[in-house]
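What follows is each chain in one-letter form.
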Amino acid sequence: DQQVKQNSPSLSVQEGRISILNCDYTNSMFDYFLWYKKYPAEGPTFLISISSIKDKNEDGRFTVFLNKSAKHLSLHIVPSQPGDSAVYFCAASGNTPLVFGKGTRLSVIA
Amino acid sequence: GAVVSQHPSWVICKSGTSVKIECRSLDFQATTMFWYRQFPKQSLMLMATSNEGSKATYEQGVEKDKFLINHASLTLSTLTVTSAHPEDSSFYICSARDLGRAFYEQYFGPGTRLTVT
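Engineer: What is the right way to read the overall build of chain B from this model?
Structural biologist: Summing up its helical and strand segments, chain B has zero helices and 11 strands in all. The order of α-helices and β-strands along chain B, N terminus first, is β-β-β-β-β-β-β-β-β-β-β. Based on the C-alpha atoms only, the size of chain B along its principal axes is roughly 40 × 25 × 25 Å. Counting all 117 residues of chain B, 47% fall into the buried class. Across chain B, every contact between residues at least 6 apart in sequence was considered, and the portion connecting residues at least 24 apart equals 56%. With the model as given, the accessible surface of chain B reaches about 5,800 Å², and the carbon-plus-sulfur share is 53%.

Laid out in structure tokens, this is it:
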């Protein structure tokens, strides 16, 4: 049973436009959510996180939105840059080890 | 700060042999270390959680006699894949959590690509 789902395996966006990556979860005990960026043959790099007491967190070009009632979160990247091309993983925790989604491969086209 | 290293970064071994992967926290004390594996185009799957000085806790479906985890010091954990088979070929990633930090505050290593021939 997949507790964290990223239903889009890939996404292509033009440089300068907004990238929106989505993530759904099923476990209502999750209270902290994170986004990681990963390049092939490298470990994940932390991007941004959000606590369940908030509905939005912003850091530069990256904004994460959380809709608790829908058990949905999204990562917005604006403006998108070619260097953003990578696989993005959504992860969740409820004072437990992280549970990861399958990732979404983002390609930013110049 | 908060750097985690893994060694080796890639390894090729023959079927039936054992291989050891090291995970080190370079600038903090990692009371808890986590081991993940990732198959191509798949999620990072947690294999086990190890606390310094105690036995590792394995996730359901992970064979503890095959994947031996040792966390003997606050800066080093090792994963030994015993009697490796081609289906063990995967990307293994460790992460570490500092003392007193929340579960989600993990720092990841760069990963180790294991290929079993």
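Engineer: What is the right way to look at the side chain of Arg61(A) in this model?
Structural biologist: Note on placement: Arg61(A) falls in the loop between strand S6 (56-59) and strand S7 (62-67). One polar contact links the side chain of Arg61(A) to the main-chain carbonyl oxygen of Pro79(A), over a distance of 2.7 Å.

Engineer: Is there a simple way to think about the sheet that holds strand S7 (residues 67-73) of chain B in this case?
Structural biologist: Hydrogen bonding along the main chain pairs the strands of a sheet, whether they run parallel or antiparallel. Residue and element names in this part refer to chain B. Strands sit in the order S1-S3-S8-S7 across an open sheet of four strands; the sheet is antiparallel. Each of the sheet's edge strands pairs with one partner strand only, and the pair in question is strand S1 (4-7) and S7. Geometrically, the sheet is characterised by an average inter-axis angle of 15° between neighbouring strands, direction not taken into account. Here strand S3 (residues 19-25) pairs with strand S8 (residues 76-81) via six bridges, running antiparallel. Pairing of Cys23 across the sheet is with Ser77, part of S8.

Engineer: I keep staring at the pairing of S7(B) and nothing clicks. Help me out?
Structural biologist: Residues and elements named next belong to chain B. The pairing of S7 with S8 spans five bridges and is classified as antiparallel. By the bridge assignment for S8, Leu68 is matched with Thr80. The antiparallel pairing of S7 with S8 creates a hairpin that spans two residues between the two strands.

Engineer: Teacher, can you tell me more about the interface of chain A and chain B here?
Structural biologist: A common measure of how large an interface is: the accessible area buried when the components associate. Contacts between chain A and chain B engage 17 residues on the former and 17 residues on the latter. Interface area for chain A against chain B, summed over the two sides, is near 1,400 Å², with a carbon-plus-sulfur share of 66%. Connecting chain A to chain B are zero salt bridges. Contributions of two or more residues to the side of chain A that touches chain B are made by strand S4 (32-38) and strand S9 (86-93) of chain A. Among the elements that make up the side of chain A that touches chain B, the one with the highest residue count is S4(A) (four residues).

Engineer: Would you mind showing me how to read the state of the cysteines here?
Structural biologist: In a disulfide, the sulfur atoms of two cysteines are held together by a covalent bond. Within this structure, the stated rule accounts for two disulfides over all chains. Bridging Cys23(A) to Cys90(A), the disulfide has an S-S length of 2.0 Å. The sign of the -70° torsion about the S-S bond sets the Cys23(A)-Cys90(A) disulfide as left-handed. Of the two residues, Cys23(A) sits in strand S3 (residues 19-25) while Cys90(A) sits in strand S9, which places them 67 residues apart along the sequence. Owing to a relative accessible area of 0%, Cys23(A) belongs among the buried residues under this scheme. Judged by relative accessible area, Cys90(A) falls into the buried class, the value being 0%. In this model, Cys23(B) is linked to Cys94(B) through a disulfide, with the two sulfur atoms separated by 2.0 Å. Classification of the bridge connecting Cys23(B) and Cys94(B) rests on its S-S torsion, roughly 80°, and on that basis the disulfide is right-handed. Linking Cys23(B) in strand S3 with Cys94(B) in strand S9 (residues 90-98), this pair joins segments that are 71 residues apart in sequence. According to the relative accessible area criterion, Cys23(B) is buried, its value standing at 0%. According to the relative accessible area criterion, Cys94(B) is buried, its value standing at 0%.

Engineer: Would you take a moment to explain the environment of Thr115(B) for this structure?
Structural biologist: Residue and element names in this part refer to chain B. Relative to the helices and strands, Thr115 is located in strand S11 (residues 112-116). Classification of Thr115 by relative accessible area gives partly exposed; the value is 32%. Sequence separation between Thr115 and Ser15 is 100 residues; the distance between their C-alpha atoms is 9.5 Å. Sequence-distant contacts of Thr115, that is, excluding residues within four places in its chain, are made with Val11, Ile12, Cys13 and Ser89.

The rules behind the values
- Along each chain, residue indices are assigned from 1 in the same order as the chain's sequence is written.
- Throughout, the order in which chains and ligands are written sets their labels, letters from A for the former and numbers from 1 for the latter.
- pLDDT decides what is reported in this predicted model: residues at 70 or higher carry local features, side-chain atom pairs at 80 or more are listed and counted, and totals for whole chains, interfaces and linings draw on all residues regardless.
- As a rule here, side-chain values cover all heavy atoms of the structure and leave hydrogens and water aside.
- A run of H or I in DSSP becomes a helix once it reaches four residues, and a run of E becomes a strand once it reaches two; helices and strands are each numbered from the N terminus.
- With a 1.4 Å probe rolled over the protein chains alone, any residue whose accessible area is under 20% of its type maximum counts as buried; one over 50% counts as exposed, and the rest are partly exposed.
- Here a residue-residue contact requires only that any non-hydrogen atoms of the pair lie within 4.5 Å.
- For accessible areas, the Shrake-Rupley method is used with a probe of radius 1.4 Å. Any residue's cover is judged against the shown protein chains and nothing else.
- Distance and chemistry together define a polar contact, namely a pair of N or O atoms within 3.5 Å, with one atom able to donate a hydrogen and the other to accept it when in protein, and with adjacent residues in sequence counting only for side-chain atoms on both sides.
- Only when DSSP finds a minimum of two bridges between them are two strands counted as paired.
- Here an angle of 0 to 180 degrees is reported between the N-to-C directions of two axes, which are lines fitted to C-alpha atoms, with helices fitted over the stretch in contact.
- The term buried area denotes the loss of accessible surface (1.4 Å probe radius) that occurs when two parts are joined, taken as the sum for both partners.
- What counts as a salt bridge is simple: a side-chain nitrogen of Lys or Arg found within 4 Å of a carboxyl oxygen of Asp or Glu.
- The criterion for a disulfide is a pair of cysteine sulfur atoms lying within 2.5 Å.

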